[in-house]
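# Reading the structure
One-letter residues, chain by chain:
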Amino acid sequence: LGKVKKVFSSAKTIDEAFYMVKLLMGMGKPIKAIDNDGDRGYCFEILVKVSRSFAVVIQELPDVLKEPICIFYLVLRALDTLEDDPNFPNEEKVPALRVFGEQLDDPDFVFDIGRFGHTDDYKNLCENFNKVKRVYSNLDEKYRRVIRNITDAMANGMIEFLERDVETLQDWDLYCHYVAGLVGSGLTDMFVESNLEKRSLKTEHYPLANDMGLFLQKTNIIRDYFEDIYEDRIFWPKCVWSKYAETIEDFVKPENIDNAVHCANELITNALHQVPKVLVYMDQIENEQNFNFCVIPQVMAIATLAEIYNNKNMFSALVKIRRGMTAKLIYCVKTKKDMRRVFAYFTKNLRDKIDDSDPNAQTTKDICDLILSLTCTHGSFKEGLPLLPTLVGVSGLVTSSLLYLFNQQVRDFVDESVSSVRRRITSRS
């Protein structure tokens, strides 16, 4: 009953509870259409550990793209782990970053990065990175070329910002380009190389892929202030935060909370300017599965910005959208009309929170009004988000919940029993 209560406490409405149970039930399943043996099996297994959210989203992709994009993600995750580990000086990181992409294609090179990783799962990935490399080496050359080029560009960008801070808004855009915009470009390259998207996505619409990444990265950087400030890795641009405090650490002090909120609101307003370009890019995606893969993080981002806008709590805890809302967005946003309704819904919510005393109130209203003009014709605000399918009743929800939790209890019992037997065998030997 405790687990049932935990599931339902994360949901505000009955439909959120339904989709949360559905999401939890799906998380325990292996990724479809994938051979889960050997090195390939390890790659999809470690993907779930280093990013459960990406492991869910990747299942939306066409089968032909699941493996290349899984490896793309793991390579960049290892690269980021190397760059982000606080236990090693830049003098040790920079040489490793500089040749990382080149070494992917060296058949005789064996990666020795097991010492990196400030969490157990990240360390696991680094210790076993040669398994990832072997799967990479078996990918089609057109996908390896994308991964190699993006890895090189990202590594060079990381090196640049290891050696200097984010001072200006131009710096902020450039940093976000290196660590996220390039990911959008790489994914676009893979979509087109797979022949599932039209060539124009790589020509006249190619710059918009960068905006997709910038919107996600800026949202994460703003939201993660409370976690990042204590790990000395904050990426808020100095030209903005210095208008509100002498040091960026000052925002955690209660006496500075009003200035802290104003600073966050200014950065959120900046991030919102990416949205019109995000909508244009998403309109170009023709493959339904690629669309589902791309749209989920974007609607999560607008929901997050609506949650943290004018929110004092983000300076004393990590503020996230409800897990029930997360699950609902994953399962309910399946069309471009859905996407626009969701962007309109959360943009309206954010606009309603604007305080006229905020220094950037009018600028925020202006960008919100622009986004609403691009989205509100696709559904009224009263429609809100897509609702629970009418054929699914409360009884079905409760049954699904109890079955899922019962199966989890049985699985946990079996795992513990097997572990206990192994321990006894080991102790006797």
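Keep in mind it's a predicted model, so treat the numbers as computed, not measured.

Calculation rules
- Residues numbered from 1 in each chain as written.
- Predicted model: local features only at pLDDT ≥ 70, side-chain atom pairs only at ≥ 80, totals over all residues.
- Heavy atoms only, no water.
- Helix = DSSP H or I, 4+ residues; strand = E, 2+ residues; numbered from the N terminus.
- Buried < 20%, exposed > 50% of the residue type's maximum accessible area, 1.4 Å probe, protein only.
- Contact = heavy atoms within 4.5 Å.
- Areas by Shrake-Rupley, 256 points an atom, 1.4 Å probe, with all protein chains shown as cover.
- Phe/Tyr/Trp six-rings, centres within 6.5 Å; stacked < 30°, edge-to-face > 60°.
- Lys NZ or Arg CZ within 6 Å of the ring centre and 35° of its normal.
- Axes fitted to C-alpha atoms, helices over the stretch in contact; angles between N-to-C directions.
- Parallel < 35°, antiparallel > 145°, perpendicular 65-115°, else oblique.
- Nonpolar A, V, L, I, M, F, W, Y, C, P; charged D, E, K, R; others polar.
- Left-handed = near helix turned anticlockwise from the far one by under 90°.
- Salt bridge = Lys/Arg side-chain N within 4 Å of Asp/Glu carboxyl O.
- pLDDT = per-residue confidence, 0-100.
- Core = buried A, V, L, I, M, F, W, Y, C linked by side-chain atoms within 4.5 Å.
- Polar contact = N/O pair within 3.5 Å; in protein donor to acceptor, adjacent residues only side chain to side chain.

### Some words on the overall build of the chain
Of regular secondary structure, the chain possesses 21 helices and zero strands. The buried share of the chain, taken over its 429 residues, is 53%. Contacts in the chain between residues at least 24 apart in sequence constitute 74% of all its contacts with a sequence separation of at least 6. In the form shown here, the chain has an accessible surface area of approximately 20,100 Å², with 52% of it arising from carbon and sulfur atoms.

### Some words on the packing of aromatic side chains
Overall, the coordinates contain 20 aromatic pairs when judged by the stated rule. Relative to Phe 343, the ring of Phe 215 has its centre 6.4 Å away and its plane inclined at 35 degrees; by these criteria the two rings are tilted. Of this pair, Phe 215 sits in helix H12 (residues 206–223) while Phe 343 sits in helix H19 (residues 336–352); the two residues are 128 residues apart in sequence, bridging distant segments of the chain. Measuring from centroid to centroid gives 5.0 Å for Tyr 225 and Trp 236, while their planes differ by 45 degrees, and the two rings are tilted. With a gap of 11 residues between them, Tyr 225 in helix H13 (residues 225–228) and Trp 236 in the loop between H13 and helix H14 (238–241) connect regions that are remote in the sequence. Classification of Tyr 225 by relative accessible area gives buried; the value is 0%. Ring pairs connect the aromatic residues Phe 54, Tyr 73, Phe 191 and Phe 293, which therefore count as one cluster. Here the guanidinium or amino end of Lys 131 rests over the ring plane of Tyr 42, the centre of that ring lying 4.8 Å away.

### Describing the packing of helix H17 (residues 288–308) against H19
Contact geometry of H17 with H19 gives a least axis separation of 8 Å together with a crossing angle of 10 degrees. In terms of axis orientation, H17 runs roughly parallel to H19. Where H17 abuts H19, its residues Phe 291, Val 295, Gln 298, Val 299, Ile 302, Ala 303, Leu 305 and Ala 306 lie against Lys 336, Met 339, Val 342, Phe 343, Phe 346, Thr 347 and Leu 350. Along the lines of polarity and charge, the residues of the contact of H17 with H19 split into 12 nonpolar, two polar and one charged.

### What to know about the packing of helix H6 (residues 90–98) against helix H10 (residues 141–162)
Their axes nearest at 9 Å, the elements H6 and H10 cross at an angle of 160 degrees. It follows from the interaxial angle that H6 and H10 lie roughly antiparallel. As for how H6 packs across H10, the hand of that crossing is left-handed. Between H6, through Asn 90, Lys 93, Val 94, Leu 97 and Arg 98, and H10, the contact on the second element is made entirely by Ala 155, Met 158, Ile 159 and Leu 162.

### As for unusual backbone geometry
With phi around 65 degrees, Asn 195 is a residue other than glycine that occupies positive phi space. Relative to the helices and strands, Asn 195 is located in the loop between helix H11 (169–193) and H12. For Asn 310, which is not glycine, the phi torsion reads 55 degrees and is therefore positive. Relative to the elements of secondary structure, Asn 310 occurs in the loop between H17 and helix H18 (323–332).

### Remarks on the pattern of salt bridges
Applying the stated criterion across every chain yields a total of 26 salt bridges. One salt bridge connects Glu 286 with Lys 198, and the closest N-O pair in it is separated by 3.6 Å. Linking Glu 286 in the loop between helix H16 (275–284) and H17 with Lys 198 in the loop between H11 and H12, this pair joins segments that are 88 residues apart in sequence. Of the residues examined, Glu 286 reaches a relative accessible area of 54% and is grouped as exposed. With relative accessibility at 31%, the residue Lys 198 sits in the partly exposed group. Across the pair Asp 250 and Lys 253 runs a salt bridge, and its minimum N-O distance is 3.2 Å.

### Details of the environment of Leu 125
Here Leu 125 is to be found in helix H8 (residues 120–127). Considered as a pair, Leu 125 and Tyr 42 are 83 residues apart in the sequence and their alpha carbons are 9.4 Å apart.

### A short note on the confidence of the model for the chain
Across the chain, the average pLDDT comes to 86, with 79% of residues at 70 or higher. Below pLDDT 50 for its whole length, residues 387–394 participates in nine contacts with residues either more than four positions away or in separate chains. Note on residues 421–429: pLDDT under 50 across the span, and one contact to partners over four residues away in sequence or across chains.

### Regarding the nonpolar core
Within the largest apolar cluster, 128 residues are counted, with the highest numbers of intra-cluster contacts made by Phe 191, Trp 236 and Phe 251. Sorting elements by how many residues they give to this core places H17 first, with 13 residues. If near-sequence neighbours (up to four positions away) are discounted, Trp 236 is found in contact with Val 166, Ile 221, Ile 222, Tyr 225, Trp 241, Ile 248, Phe 251, Cys 263, Ala 264, Leu 267, Met 314 and Phe 315.

### A word on the environment of Thr 151
Here Thr 151 shows up in helix H10. Linking Thr 151 and Val 99, residues 52 residues apart in sequence, is a C-alpha distance of 9.7 Å.

### Comments concerning helix H9 (residues 129–137)
Looking only at H9, the buried set comprises Phe 129, Asn 130, Val 132, Lys 133, Val 135 and Tyr 136. On its buried face, H9 sits against helix H3 (38–50), helix H5 (63–84), helix H7 (100–104), H8 and H10.

### Regarding the side chain of Thr 347
Along the chain, Thr 347 falls in helix H19. Residue classification places Thr 347 among the buried residues on the basis of a relative accessible area of 1%. At a separation of 2.6 Å, a polar atom in the side chain of Thr 347 contacts the main-chain carbonyl oxygen of Phe 343.

### Thoughts on H16
Taking burial as the measure, the 10 residues of H16 include seven buried ones, the bulk of the element. Lining the buried residues of H16 we find H11, H12, helix H15 (257–272), H17, H19 and helix H20 (361–375).

### A look at the environment of Tyr 230
Mapping Tyr 230 onto the fold places it in the loop between H13 and H14. Considered as a pair, Tyr 230 and Glu 249 are 19 residues apart in the sequence and their alpha carbons are 8.8 Å apart.

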